[in-house]
Amino acid sequence: MDWINTVTGRAQPEELGMTLVHEHLLIGFPGWQMDALAPRFRRVEALARGVDRMQELRDFGVTTFLDPCPMDLGRDVEFMAEVAARSGMRIVCTTGAYKQNEGLTYTFGALPLEDIEAIYVKELTEGIGESGIRAGLVKVATGSPTISDYERKLLIAGGRAAATVGCPVITHTDNATLGLEQIEILTAQGVPAHRILVGHSDGRDDHDYHRSLADKGAYVGFDRFGIETLIPDDRRIESVGKMVDAGYVRSVCLSHDATCASWLGRPVFNGHLVAPPEAIAATLPNWECTHLFKRILPRLRKRGVTETDLHTIFVTNPRRYFRGEEAPR
Ligand SMILES: [Zn+2]
């Protein structure tokens, strides 16, 4: 693809500007409908909240928001399109499903791999449902400690679809595990490593692991800033600093994996019920899509990350990733 599908139409990679590579507008874990005790989802309020957050991000200079919500986590591309139209934010959505233990596995478990691949290609080229909104890239996911047969099937289907269409792949890993295995499976389907972003690689501050992903040519997502119950942000900052020191700034992407709204009044995260805004504020007070700009970038600058580095991270890397252009080494 010479263009990027956004939820409001095509864009050129050159137009992306400052990009957050892994955020969510609205999410719901499978079965959210069953929680009759949760407060009701209120679409009008959720939309308003999403628009507010996008406007806040625009004030920080962010112009593109990648929302890799899997198909089975309450993905709602019309919701995304309305927020994009009302806020002026460029929003990109994905096709692809979540990891086995937290996804909706029955249908894709039963379908042959070729059918799943065809479904992904359909969403990338014709559109999602009857919305006419096309996915811009493919989402794949693995749990831990190993890749299940189900997850492997979806990785292969996703890799083939991305290779056929010529779009990038974004991944979920469980706390920085199995990234190399993901790269191996995806590249075997014809996806160049520089079109793979290995998500949640900041779940462990294992510099050798981070370098090993970058050495393969993939982008390394330090994309859960603010989720300090997994690992403190201090250690994320140090991990990013070490990558920049070692000459890997062209492989680094930063984000939060925060969500603006939830289908369920009390979303489950990491085994905890987090009911926004009160419970999120209590357990993860900084987990919001503006956290990097409000609290982390000053600390990264102090750690020696320059303005040029930040431009590479937020502007150049996403552009190259979407263009399919390999970074000079
Ligand atoms: Zn996510």
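Note that this is a predicted model, so its numbers are computed, not measured. (Residues numbered from 1 in each chain as written. Predicted model: local features only at pLDDT ≥ 70, side-chain atom pairs only at ≥ 80, totals over all residues. Heavy atoms only, no water.)

(A) Highlighting the overall build of the protein. Secondary structure assignment for the protein yields 11 helices and 14 strands. At 18 Å, the protein has a C-alpha radius of gyration in line with the 20 Å of a compact globule built from 329 residues. Each principal axis of the C-alpha atoms in the protein carries an extent, and together these give about 50 × 45 × 40 Å. Counting over 329 residues, the protein shows a buried share of 58%. Considering only contacts in the protein between residues 6 or more positions apart, those separated by 24 or more positions represent 78%. (Helix = DSSP H or I, 4+ residues; strand = E, 2+ residues; numbered from the N terminus. Rg over C-alpha atoms; globule rule 2.2 N^0.38 Å. Buried < 20%, exposed > 50% of the residue type's maximum accessible area, 1.4 Å probe, protein only. Contact = heavy atoms within 4.5 Å.)

(B) Focus on the sheet that holds strand E5 (residues 62-67). Read from one edge of the open sheet, eight strands run E3-E5-E6-E7-E8-E9-E10-E11, paired in parallel fashion. The strands lining the two open edges of the sheet, one partner per strand, are strand E3 (18-20) and strand E11 (252-254). Here the average twist between neighbouring strands, direction ignored, is 30°. As judged from the three bridges shared by E3 and E5, these two strands associate in the parallel manner. Residue pairing in the sheet places Thr19 in a bridge with Thr64 of E5. (Pairing = 2+ DSSP bridges. Axes fitted to C-alpha atoms, helices over the stretch in contact; angles between N-to-C directions.)

(C) Highlighting the pairing of strand E8 (residues 169-172). Alternating residues of E8 divide into Val169 and Thr171 and Ile170 and His172, and every residue in both groups is buried. For strand E7 (residues 137-141) and E8, the ladder comprises four bridges, and the chain directions are parallel. Paired with Val138 across the two strands is Val169, which belongs to E8. With respect to chirality, the unit in which E7 leads through helix H5 (residues 149-165) into the neighbouring parallel E8 is right-handed. What joins E8 to strand E9 (residues 196-198) is helix H6 (residues 179-188), and the crossover it makes is right-handed. (Right-handed = clockwise from strand over helix to strand, strands pointing away.)

(D) Geometry of helix H4 (residues 113-125). End to end, H4 covers 18 Å across 13 residues, agreeing with the expected 18 Å (1.5 Å per residue, within 8%). On its buried side, H4 packs onto strand E1 (4-6), strand E6 (90-95), helix H3 (106-110), E7 and H5. (Expected span 1.5 Å × (residues − 1).)

(E) Expanded view of the pattern of salt bridges. This structure, assessed with the given rule, holds 25 salt bridges. A salt bridge links Arg43 to Asp76; its shortest N-O distance comes to 3.0 Å. One end of the pair, Arg43, is in helix H1 (residues 43-59); the other, Asp76, is in the loop between E5 and helix H2 (77-87), with 33 residues separating them in the sequence. Arg53 serves as the salt-bridge partner of Glu288, at 2.9 Å between the closest nitrogen and oxygen. (Salt bridge = Lys/Arg side-chain N within 4 Å of Asp/Glu carboxyl O.)

(F) Here's a closer look at the side chain of Glu151. Within the secondary structure, Glu151 sits in helix H5. Here Glu151 occupies a buried position and makes no salt bridge, while the nearest side chain of opposite charge, Lys99, is found at 7.0 Å. Excluding residues within four positions of it along the chain, Glu151 makes contact with Lys99, Gln100, Ala141, Thr142, Gly143 and Thr146. (Lys, Arg positive; Asp, Glu negative; His and termini not counted.)

So far we have only geometry, and geometry alone does not tell us how the molecule works.
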